[in-house]
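Residues per chain are reported as follows:
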Amino acid sequence: MPILRRFPKFGFNNPFHKEYATINLGDIEKFIASGKIDAKKEITLDSLFDAKILNRKMDGLKVLAKGEIKSAVNIVAAKWSKAAEAAIVKAGGKISSK
């Protein structure tokens, strides 16, 4: 019997799947307070990677609303939740996509 028929096949791997790096608003505020992130500059996937907050670059950045943000920040992300957008705008910042 051929080797391709001997081994079982499992699942499906989508070649177009994108994996996003997620970050919470509470984590952003914590990193601003510790000085790893400058609140006056744009927060992007590259800036988080350069600050060694993220281990590897992924397909994009996703911002979630867990925690509280008090600083006015400008974030460039691929995706974000509606609650995160509302919290950022309430703090005086803005969020945009590339």
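A few points on the structure. (Residues numbered from 1 in each chain as written. Predicted model: local features only at pLDDT ≥ 70, side-chain atom pairs only at ≥ 80, totals over all residues. Heavy atoms only, no water.)

A look at the overall build of the chain
A count of helical and extended segments in the chain gives four helices and six strands. Going from the N terminus to the C terminus, the chain shows its helices and strands as α-β-α-β-α-β-β-β-α-β. In terms of overall size, the chain is more extended than a compact globule, its C-alpha atoms giving a radius of gyration of 18 Å where 98 residues would be expected to give roughly 13 Å. Across its three principal axes, the chain shows a C-alpha extent of roughly 65 × 25 × 25 Å. Counting all 98 residues of the chain, 29% fall into the buried class. For the chain, contacts bridging at least 24 residues in sequence account for 49% of all contacts bridging at least 6. Within the structure as shown, the chain displays about 7,200 Å² of accessible surface, and the carbon and sulfur contribution to it stands at 53%. (Helix = DSSP H or I, 4+ residues; strand = E, 2+ residues; numbered from the N terminus. Rg over C-alpha atoms; globule rule 2.2 N^0.38 Å. Buried < 20%, exposed > 50% of the residue type's maximum accessible area, 1.4 Å probe, protein only. Contact = heavy atoms within 4.5 Å. Areas by Shrake-Rupley, 256 points an atom, 1.4 Å probe, with all protein chains shown as cover.)

Points about unusual backbone geometry
At lysine 52, a position not held by glycine, the phi torsion is positive, near 65°. Examined against the element boundaries, lysine 52 turns out to sit in the loop between helix 3 (45-50) and strand 3 (60-64).

Observations regarding the sheet that holds strand 5 (residues 79-80)
Backbone hydrogen bonds hold the strands of a sheet together, and the pairing may be parallel or antiparallel. One open sheet accounts for three strands, arranged 1-3-5; its pairing is parallel. Two strands lie at the open edges of the sheet, namely strand 1 (20-24) and strand 5, each paired on one side alone. Sheet topology places strand 3 next to strand 5; two bridges connect them, and they run parallel. Paired with lysine 62 across the strands is lysine 79, a residue of strand 5. (Pairing = 2+ DSSP bridges.)

Side note on the sheet that holds strand 4 (residues 74-76)
Read across the sheet, three strands follow the order 2-4-6 without closing on themselves; strand pairing throughout is parallel. Of all strands in the sheet, those bounded by a partner on one side alone are strand 2 (42-43) and strand 6 (94-96).

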